[in-house]
Structures are given as C-alpha cells and as structure tokens.
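Summary of the model geometry
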Number of protein chains: 2
Amino acid sequence: MTINQRDGKMKLALQMVSGYGGEFKTWRMPGAVADAYTNMDYYVENAKMAEKGKIHTLFIADTPALPNDLSTNSPMHPMDPTIALAAVARETSHIGLVSTYSTTYTEPYNLARTLKTLDIISNGRMGWNAVTTSNHEAAANFGRPLPDRDTRYEMAQEHIEAVQTLWGTFGQDAYIHNQETGEYVDMSKVELANYRGKHYQTRGPLPIPASPQGQPPIFQAGGGDKGLELAGRFASGVYANPFTKEDAKLHRMMLRKSAEAHGRKADDIKMFAGFMFSIGKTKEEAMERRYMMQQFAPKETAHHVEYLGYMVGLGLSVDTIDITKPLPQGLINQMYPSPMDPRSEKAFELLKTGMSVKDVLANGVINYHPVVVGTPEMVADFLEEWYLADATDGFSIVPDSSHDGIKDFVELVVPILQERGLFHTTYEGETLRDHLGVSYEYGLTY
Amino acid sequence: MTINQRDGKMKLALQMVSGYGGEFKTWRMPGAVADAYTNMDYYVENAKMAEKGKIHTLFIADTPALPNDLSTNSPMHPMDPTIALAAVARETSHIGLVSTYSTTYTEPYNLARTLKTLDIISNGRMGWNAVTTSNHEAAANFGRPLPDRDTRYEMAQEHIEAVQTLWGTFGQDAYIHNQETGEYVDMSKVELANYRGKHYQTRGPLPIPASPQGQPPIFQAGGGDKGLELAGRFASGVYANPFTKEDAKLHRMMLRKSAEAHGRKADDIKMFAGFMFSIGKTKEEAMERRYMMQQFAPKETAHHVEYLGYMVGLGLSVDTIDITKPLPQGLINQMYPSPMDPRSEKAFELLKTGMSVKDVLANGVINYHPVVVGTPEMVADFLEEWYLADATDGFSIVPDSSHDGIKDFVELVVPILQERGLFHTTYEGETLRDHLGVSYEYGLTY
Ligand SMILES: Cc1cc2nc3c(=O)[nH]c(=O)nc-3n(C[C@H](O)[C@H](O)[C@H](O)COP(=O)(O)O)c2cc1C
Ligand SMILES: Cc1cc2nc3c(=O)[nH]c(=O)nc-3n(C[C@H](O)[C@H](O)[C@H](O)COP(=O)(O)O)c2cc1C
C-alpha cells in the first residue's frame with residue numbers, strides 16, 4: 001500500500017457548527033451576529049464566503065438533541081441541517097454540502113428521499129455523514145433506549161445499504177421526459193429495492209433520478225474498530241480528530257487499509273482531520289483574541305484551569321494559583337502528561353516553557369481539535385506540516401468565530417496555501433465527488 | 001352556530017403537485033417545462049407567480065411512495081416537499097407554505113424540528129397537513145404493515161400532540177442572545193416535553209425558538225369520522241374534496257361543529273374545497289385545451305369512457321361507440337347516476353343534454369375535484385357561487401398545467417374576484433396564521 005497524495009493538494013472542509021463558530025462564546029464578540037442561529041441569510045453568507053475561498057465542502061455535525069447548555073453558549077448544531085443545506089444549495093454553485101444524519105434515528109426511505117433531492121437541486125454536491133448517534137438524550141427524544149454499540153453499527157450498515165439500494169432503484173437513464181414521444185419515465189429501468197435487513201426493510205422504488213454525481217458520497221466520523229470497518233466499506237470521506245501528526249498518520253493508514261480490505265481503492269477514502277484556529281496579524285493579536293473569549297467565559301476558564309491540572313497530574317484551581325503567571329517551579333517539577341488525554345503532551349510542553357497558565361489555555365490545549373493561535377502563516381505552516389507528512393488528506397477546519405474567522409481563513413490563509421502549491425485554485429469539477437477525487441457511484445456500493 | 005364568512009373574502013391555496021400541474025399529461029403541452037419535477041428554479045418561479053396573485057398559501061400533497069405509473073404521466077408529488085418549501089421560503093416573502101407529512105411514517109422529533117425550522121426561516125409562514133397515510137406501498141417502504149385505521153388515527157393524535165409539545169418546550173421569550181449581558185438562552189424557560197403516548201414518546205426539549213406565528217398551524221385532509229374528529233381537535237385548515245355545493249356545505253358545517261365540540265372557535269377552522277380548472281379566452285378555447293390533453297393520453301381516454309359508462313350504469317367502450325357523437329337515445333334512456341360516485345350526477349346531466357362523450361369527458365367529470373372548463377369569468381362564477389352559499393371558506397386550486405395555468409389564474413381570474421370584492425387585494429399580515437385569520441398558538445393546543 002502506497003501513501004498517495006494524488007495531486008499534492010490538500011482537501012478542506014468548513015465546519016458550519018450552528019452558524020457562529022466552534023468557540024461557543026464568540027457570539028458576544030464585537031462584529032458577531034447575535035442571532036446567527038436563526039438567521040439563514042447569515043448562514044448562506046458564510047457558505048458563500050467559503051465558496052469564494054474554494055473550500056471543497058461545508059460540513060455540518062449533528063445530534064438530534066439539545067446539544068449543550070445554552071445559558072451563555074451558542075449551540076453546537078444548526079436548527080436543522082436539511083433546511084440550512086437546502087438554502088445553501090440554492091444560493092451557491094460549487095461548494096460541497098455534507099451533513100450528518102443518524103442511522104439509528106432516521107428512516108431509510110425518508111432520508112434517501114431527502115438526500116437525493118438535495119443532490120439533485122445542488123447539481124451533485126451533497127454528501128452524507130452517516131453516524132450511529134451514541135447520545136442518550138437523543139435516544140430519549142425518540143422514546144427508545146439507546147441500542148448497544150454492536151447493534152447500532154449493525155443498524156448503520158443496514159441503513160446505508162437500504163438508502164443506497166433505494167437510490168439505485170431509479171435507473172440512471174430512466175428519466176426520459178421526452179415531450180415528442182410522450183415517454184416520461186422508462187419504467188423498465190425502475191426497480192423495487194426489496195431491501196430486507198434485520199433492523200430495516202424497504203420496498204421502494206424511490207422515484208428520483210440520478211444526480212450529476214450519481215448519488216451522495218458517504219462520510220463517516222470518528223474512529224474505533226466499528227467506525228473504521230464502516231468507513232472502509234462505504235466512506236468516501238472521514239471526519240477524524242487526531243491530536244498528533246502520528247495519530248493522524250496511523251488513522252489514515254488504517255482507513256486506507258480498511259478500504260482495501262473491502263475491495264476498494266485506498267484513494268477513494270479521504271481523511272479530514274479536525275483543526276481549529278484563531279488568527280491575528282501577529283501572534284500577540286491572536287492571543288488577544290483568545291483572551292477576549294476567555295473573558296466572556298469566566299466560569300469556563302475556572303473549569304479549564306482544573307482540567308489543565310488533571311492533564312499534567314496536578315490539582316490546580318483559580319483560587320490557589322495566579323493564572324497570569326507561570327506555574328511555580330515546584331509544581332512544574334511534579335508534572336507529567338496524563339496518558340488519558342491525547343492533548344496532555346502539548347499542555348505539558350507549554351507549561352514547562354514557563355508560559356503563564358492563562359496563555360497555555362489561550363493556546364487552545366483543551367479544544368476539541370488541535371488549535372493554532374497565531375498568524376495566517378502559522379496556520380498554513382501547521383496544515384502544510386501535517387499534509388506533507390501524509391498524516392491526512394485534508395482538514396475539517398473550525399473557525400473560532402464565523403463573523404471574521406471564515407473571511408480571515410479565506411483571505412489570509414488560502415492564498416498562502418495556494419502560493420505554496422498546497423491548495424487548488426479552482427474547483428476540480430462541478431460535483432462533490434469531483435472535488436473529493438472519488439469515483440462516481442450509483443446504487444449499492446458494497 | 002352561525003355561518004361566519006368573516007370579511008367576506010375567500011381563502012385560496014395553490015396545489016403545487018409535482019411542479020407540472022394536476023393533469024398528468026400536460027407536461028407535453030407546448031410551453032410546458034419538461035423537467036419541472038427536478039427543476040427547482042421552475043418550482044420557485046411558480047410559487048412567486050402565486051404570491052404575485054396574493055394566493056394565501058401553497059399546498060403540497062404527499063405520500064412517501066411512488067405515487068403513480070410514470071411511463072407517460074408526471075408524478076403526483078414533488079421529489080421532497082421539505083426541500084421544495086425550503087427553497088420557496090427563501091425566495092418568497094408572504095405566501096404560506098403548507099406541506100403534507102405522515103403521522104404514521106415520520107418521527108415526531110425529526111418532524112417537529114424540520115417544521116419549526118421552516119417556520120423560522122419563512123418568518124412564520126409554515127403549515128403542516130397531518131395525514132395518517134393509508135397507502136400500502138408507503139407502508140412497505142417502511143417495512144411495516146399498515147396499522148389499521150383506528151390505530152393510525154390514535155397515532156395521528158399522539159404524533160401531533162408530541163410535535164406541539166416539543167414546539168412548546170422552548171419558551172416564547174427564551175431566546176435572549178444579548179451580547180451585553182452574555183445571556184444566550186433563558187434556560188429557565190426551556191422545558192422537557194416528556195411526552196409519553198402509547199405509540200410515540202419524546203423527551204425534548206427542542207432547542208428552536210418561536211416563530212412570528214408561534215408555531216405552524218395544523219391542516220387536515222379528507223373527511224370521515226376520524227378525520228373530522230382530528231380536524232376539530234387540531235386543524236386550522238382542512239383540505240376537502242366535495243363534488244357538490246351541498247356536500248361542501250355539510251362538510252364545512254361538520255368541521256365547525258367538531259371545532260366547537262373541542263372547545264375551539266368555529267372560525268378557527270377554514271375549509272379549502274379542491275377545485276380544478278382549464279382556462280381559455282372562450283369556452284371553445286378551453287375545450288380545445290382539454291382535447292389536447294386527451295390527445296396526449298389515448299389509453300386514458302379509453303379507460304375514462306369505460307368509467308363514464310360505469311358512472312351512468314352503461315357498458316361503454318371506445319370500440320363500440322363513436323365518442324365524438326352524443327350517446328344514442330336508446331342508451332340515454334337507460335342511464336341512471338351511480339350512487340357509488342359523487343361525480344355521477346354531473347356526468348349524467350351532461351350526457352342527457354346530448355353532448356358528445358368526448359366533450360363530457362373534456363368537461364372534467366372524472367377529475368379528482370370539480371372542474372370548470374371555460375373562461376376566467378366562468379371560473380370566478382363557480383368560486384363565487386360556492387363561497388357565497390357558505391359551502392366553503394376557500395378553495396385549494398389545482399391548475400391543469402403549471403406552465404400557464406397559474407399565470408392565467410393569477411392574471412385573469414384573481415382580478416375578477418377582487419373586483420367582485422370576493423378576494424383580498426393584499427396579504428392580511430406577515431404570517432400564515434394572519435392570512436388564514438386563525439389565532440396565534442404555541443405548544444400543545446388541545
Ligand atoms: C471528529 C468527530 C466528529 C463527530 N461528529 C459526530 C456528529 O456530528 N454526530 C454524531 O452523532 N456523532 C459524531 N461523532 C461520533 C462518532 O460518530 C462516533 O459515534 C464516536 O466516535 C464514538 O464511537 P463509537 O460509535 O464507536 O462508540 C463524531 C466523532 C468524531 C471523532
Ligand atoms: C382532498 C384530499 C387530499 C388528501 N391528501 C392526502 C395527502 O396528501 N397524503 C395522504 O397521505 N393522504 C391524503 N388524503 C387522504 C386523507 O388524509 C385520508 O386518509 C383519506 O381521506 C381516507 O380517510 P381515512 O384515513 O379516514 O380512511 C387526502 C384526502 C383528501 C380528500
């Protein structure tokens with residue numbers, strides 16, 4: 001198995017989160033749009049900005065439940081991914097549209113119908129991030145206990161099979177609509193699905209023609225043996241969250257192996273590593289930006305100090321230490337990186353340099369993805385380093401705040417990547433599959 | 001109970017069907033858009049034309065199954081009502097958006113989320129036609145046998161209750177998003193749904209704020225004792241299919257009684273009688289239009305001749321009679337209107353006048369709704385007659401073909417109705433509830 005970088009250009013996905021950004025306090029920043037969650041104009045505006053930057057695809061994570069405590073935080077997910085992407089599909093022309101839908105809490109027929117319709121109206125730009133949903137609150141919203149992990153993944157496989165089978169029921173050249181002859185559909189090319197799984201059954205057909213890319217590619221999120229297996233079988237894209245280059249490389253290698261084990265080409269599966277950033281003209285300006293976010297969330301900062309202590313084996317509290325100072329040398333000597341959290345190594349290294357606790361936190365050591373707090377060059381450097389090390393095929397980028405984070409990335413980071421020959425300057429084609437560099441598919445793929 | 005016509009103005013809904021029109025052969029007409037089914041630009045264009053005519057609301061019927069044989073016919077339903085309405089919501093400003101969703105084959109949480117989001121992005125113009133889906137093909141698409149009628153209606157009641165309860169979980173003034181104070185949501189105003197029915201359970205909350213109309217009004221389609229009961233309990237609008245003024249009047253009366261029996265105001269339920277039309281500058285031109293449709297469907301005409309015979313107690317066939325001629329007097333003498341089909345009376349009357357069989361059919365006696373084939377004045381006359389007889393609150397109009405049928409209605413019929421003082425000249429307000437003249441509602445309504 002060779003590590004193939006294809007055209008030597010990284011793929012980029014933009015996480016839309018709920019409209020505001022990946023830092024849930026940034027809705028309070030000067031210039032931020034306070035009602036971004038319910039403001040579809042603004043959502044579309046952000047998508048257009050990403051398209052201007054030739055970002056390959058938008059990406060929407062989702063769980064069908066109240067995502068987080070909203071007292072002071074903006075939500076993790078949009079009101080409804082389907083509606084958001086329908087709007088974006090109509091008001092953009094090239095950017096991909098990947099959304100998350102649960103294989104446990106949707107009906108294959110309904111989902112197949114909605115996704116294929118979005119694929120048609122976007123001219124082939126839709127993708128489906130198929131997740132099993134492991135959240136108990138979500139389960140309660142459907143009045144059923146959460147199935148165990150094995151069952152969820154069994155359901156996931158059946159669900160995807162059922163959806164793809166439904167997609168394939170309407171022959172690729174069945175949609176005739178010839179006004180002269182009067183033939184509307186060649187019904188000899190429309191078949192029943194007759195899918196009969198243990199958890200899901202569906203008869204079909206689904207009366208929707210093929211899109212320019214055939215049907216939406218499947219994405220998968222996260223790792224784990226079951227996830228890896230599902231990805232190898234079906235996924236064209238994987239949203240991963242490695243914290244180190246080495247972990248990323250390993251994850252990518254396993255994904256490629258899993259694809260090959262399922263008789264697919266390794267290059268037909270593209271890994272997107274999650275990545276967050278806070279951009280400033282200088283490192284100091286970027287740090288100021290992070291301080292402002294901390295200021296908006298004093299309670300969170302207190303929690304983070306405690307958690308930072310846990311990451312390096314210390315009991316820390318805002319009541320006992322001055323966070324604007326480095327840790328006392330006595331504490332530094334006692335530190336060790338916790339093996340329980342992959343982010344500990346970086347926290348440990350930064351604290352060791354004598355950086356203040358506040359600054360260590362401002363560098364984003366407790367974020368959900370690796371973070372660069374710095375100049376556009378520093379952001380580009382990080383992406384370049386991982387990409388050239390074959391650690392990933394691309395990145396799923398999460399701006400701290402949408403209101404200027406997307407624009408800054410597009411206007412300041414993208415040109416650097418392009419200049420370095422690491423990012424395309426024009427879309428590869430018209431469809432999401434074109435952008436991803438993965439094969440046309442129609443009907444059941446496995 | 002009084003018959004209240006309120007402001008003396010009829011309500012109008014436009015059936016969008018699949019994009020082409022209610023006659024499934026009109027996609028072949030000169031000027032028709034052959035790919036209307038998959039052409040979202042065209043769908044939106046039609047919606048805009050309806051809005052120009054101040055039509056109160058769009059209406060999408062739906063069944064989650066292959067709707068009809070598509071060999072030569074266009075489909076009965078759009079690819080996906082949700083996607084269609086999301087596009088229309090973004091690209092229109094006033095017209096209502098009512099779509100059909102099944103209470104048997106959707107999950108309350110998913111549906112509540114999608115509908116409330118559509119209500120937000122349309123600024124309060126969404127409505128839900130809640131149907132139980134009695135179609136066996138649809139049941140097979142979900143791998144479950146169709147529940148019996150009682151069970152379906154039990155499920156329907158629970159489903160609507162669950163959805164409305166979820167809608168109410170996010171307090172009307174809970175969405176603070178105050179950048180100064182940092183309060184994003186007043187979580188003390190966000191509650192669990194904890195809905196526990198026999199068929200549906202959901203915990204909630206659903207984290208989506210109120211729309212300008214609170215939440216989407218419920219519509220109901222069809223009659224029957226169970227339907228009437230459901231409508232009385234929940235519906236703000238009812239889509240009915242009476243064939244005579246008398247039946248319409250009776251249906252409306254029963255709806256109003258049912259609303260009152262459930263402690264609601266009779267005026268809070270508005271009946272829309274289904275109505276089809278083919279417009280020409282003269283009656284002859286309108287008939288020519290119908291002949292063209294017949295021409296596109298020779299097999300259908302043969303079936304219709306047989307069915308016409310059945311409606312008047314005769315065995316008729318294109319092989320044994322000349323359809324361009326009146327029936328022979330001998331057959332006319334044997335005719336009687338079948339009590340099995342409410343349309344028989346009209347067929348019987350027309351045949352008795354000595355009209356040719358072809359012309360009787362061209363007058364639309366076998367359509368799904370009453371039909372006027374004639375001038376804009378004749379269409380307006382029909383609507384006026386029923387409306388002034390208190391037979392209905394309004395109409396759900398179905399053009400034969402979208403490509404000129406919507407425009408003709410808007411430009412030729414609407415001005416006549418307005419001149420006669422029977423139709424509004426401007427929208428009543430901003431929301432669908434405003435247009436309908438029904439109360440603001442939030443949370444569980446019954
Ligand atoms: C980067 C990343 C993104 C994820 N996004 C979602 C998501 O949007 N919705 C969801 O339900 N689960 C999401 N997950 C959860 C995974 O799908 C998966 O369930 C999780 O990694 C737990 O693994 P398991 O299912 O094997 O227990 C995500 C996981 C990762 C690592
Ligand atoms: C005018 C009209 C429109 C209807 N539209 C739909 C529809 O879009 N989808 C659907 O599943 N059923 C639709 N129905 C069916 C009704 O919801 C109802 O199921 C039907 O009248 C049979 O009655 P029952 O459910 O009491 O057996 C419609 C019925 C009528 C009369």
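Throughout, a residue's number is its position along its own chain's written sequence, starting from 1. Note on labels: chains are lettered from A, ligands numbered from 1, in written order. Local features in this predicted model are restricted to residues whose pLDDT is 70 or higher, and side-chain atom pairs enter the listing and the counts only when it is 80 or higher, whereas totals over whole chains, interfaces and linings include all residues. As a convention, hydrogens and water are excluded, and side-chain values are obtained from all of the structure's heavy atoms.

Considering the packing of helix α1 (residues 40–52) of chain A against helix α14 (residues 402–419) of chain A
Each packed pair of helices is defined by two parameters, the angle between the axes and the distance between the axes. All names here are of chain A. Interaxial angles span 0 to 180 degrees and are taken between N-to-C directions of axes, which are lines fitted to C-alpha atoms, for helices over the stretch in contact. Strands here are runs of E lasting at least two residues and helices are runs of H or I lasting at least four, both read from the DSSP assignment and numbered beginning at the N terminus. The interhelical angle for the contact between α1 and α14, taken along N-to-C directions, is 15°, at an axis separation of 9 Å. By the angle class used here, α1 and α14 are roughly parallel. Crossing geometry of α1 relative to α14 is assigned as left-handed. For the pair α1 and α14, the contacting residues are Tyr-42, Asn-46, Met-49, Ala-50 and Lys-52 in the first and Ser-402, His-403, Ile-406, Lys-407, Val-410 and Glu-411 in the second. By the definition adopted for this analysis, an angle is roughly parallel if under 35 degrees, roughly antiparallel if over 145, roughly perpendicular if from 65 to 115, and oblique otherwise. By the definition used in this description, the sense in which the near helix is turned from the far one sets the handedness, with an anticlockwise turn below a right angle giving left-handed and a clockwise turn giving right-handed. When checking whether two residues touch, look at their non-hydrogen atoms; a contact exists if any pair is within 4.5 Å.

Remarks on the UniProt feature "binding site: FMN" (unreviewed entry) in chain A
UniProt positions are given in the numbering used here, feature names are shortened, and annotations may be inferred rather than shown by experiment. Look at the UniProt record and you will see "binding site: FMN" (unreviewed entry) annotated at Asp62(A), Thr100(A) and Tyr153(A). Within the annotated group just given, the residues that line the largest cavity are Asp62(A) and Thr100(A). On the secondary structure map, Asp62(A) appears in the loop between β2 (57–60) and α2 (81–91). Think of it in three bands: residues with accessible area under 20% of the maximum for their type are buried, residues over 50% are exposed, and the middle band is partly exposed, with areas taken using a 1.4 Å probe on protein chains only. In this structure Asp62(A) comes out as buried when scored by relative accessible area, which is 12%. In protein, a polar contact requires one atom able to donate a hydrogen and another able to accept it; more generally it is a pair of N or O atoms within 3.5 Å, and residues adjacent in sequence count only if both atoms are side-chain atoms. A distance of 2.7 Å separates polar atoms of two side chains, one belonging to Asp62(A) and the other to Arg113(B). Inspection of the secondary structure assignment puts Tyr153(A) in helix α5 (residues 149–168). Residues contacting Tyr153(A), with those up to four places away along its chain left out, are Thr132(A), Lys226(A), Gly227(A) and Leu230(A). Grid spacing is 1 Å over the protein atoms alone, the probe is 1.4 Å, and a cavity is where that probe fits but cannot get out, while a pocket is an open set with protein on both sides within 12 Å along at least five of seven lines and lining residues have an atom within 4 Å of a point.

Looking at the packing of aromatic side chains
Ring pairs shown here join Phe, Tyr and Trp side chains whose ring centres sit within 6.5 Å, with only the six-membered ring taken for Trp; geometry is labelled stacked below 30 degrees between planes, edge-to-face above 60, and tilted in between. Scanning the entire structure with this criterion turns up 34 aromatic pairs over all chains. Here the aromatic rings of Trp27(A) and Tyr184(B) are separated by 5.1 Å at their centres, their planes lie at 65°, and the arrangement is edge-to-face. You can see Trp27(A) sitting in the loop between β1 (11–15) and α1 and its partner Tyr184(B) sitting in the loop between α5 (149–168) and β5 (195–196), one on each of two chains. Summarising the aromatic geometry, the rings of Tyr175(B) and Tyr184(B) are spaced 5.9 Å apart at their centres and angled 85° between planes, so their arrangement reads as edge-to-face. Side by side, Tyr175(B) and Tyr184(B) carry an identical accessibility label, which is buried. Chaining the aromatic ring pairs together yields one cluster made of Phe275(A), Phe277(A), Phe382(A), Trp386(A), Phe395(A) and Phe409(A).

Quick look at the domain arrangement of chain A
Residues and elements named next belong to chain A. These domain boundaries are the output of an automatic or database domain assignment. Segmentation of chain A into domains returns domain 1 (11–280 + 375–436) and domain 2 (283–362). Taking only C-alpha atoms into account, the centre of domain 1 sits 33 Å from that of domain 2. Domain 1 puts 16 residues into the contact, and the matching count from domain 2 is twelve residues. Note on definitions: buried area is the accessible-area loss of two parts on being combined, 1.4 Å probe, summed for both. Summed over both partners, the interface of domain 1 with domain 2 comes to about 1400 Å²; 62% of that surface belongs to carbon and sulfur atoms. The term salt bridge refers to a side-chain nitrogen of Lys or Arg lying within 4 Å of a carboxyl oxygen of Asp or Glu. There are four salt bridges connecting domain 1 and domain 2. On the surface where domain 1 and domain 2 come into contact, there are five residue pairs in polar contact (both at pLDDT 80 or more). Residue assignment for the side of domain 1 that touches domain 2 shows that the elements contributing at least two residues are β9 (270–279) and α14.

Describing the site of ligand 2
Residues and elements named next belong to chain B. One heavy atom suffices: a residue is near a molecule or strand as soon as one of its heavy atoms comes within 4 Å of it. Taken together, 15 residues lie around ligand 2, and Ala-61, Asp-62, Arg-149, Tyr-153 and Ala-221 are the ones closest in. Residue Tyr-153 places a side-chain N or O atom 2.6 Å away from an oxygen atom belonging to ligand 2. Within the backbone of Ala-221, a nitrogen or oxygen atom sits 3.1 Å from an oxygen atom of ligand 2. Secondary-structure elements contributing two or more residues to the shell around ligand 2 are α5 and β8 (235–240). Among the residues making up the shell around ligand 2, the classes are represented as seven nonpolar, six polar and two charged. Ten residue types, Ala, Val, Leu, Ile, Met, Phe, Trp, Tyr, Cys and Pro, are classed as nonpolar, four, Asp, Glu, Lys and Arg, as charged, and the remainder, Gly among them, as polar.

Some words on the side chain of Asp186(B)
Residues and elements named next belong to chain B. Position of Asp-186 relative to the elements: it lies in the loop between α5 and β5. A distance of 2.6 Å separates the side chain of Asp-186 from the side chain of Ser-188, its partner in a polar contact. When sequence neighbours within four positions are dropped, the list of residues in contact with Asp-186 reads Ala-174 and Ile-176.

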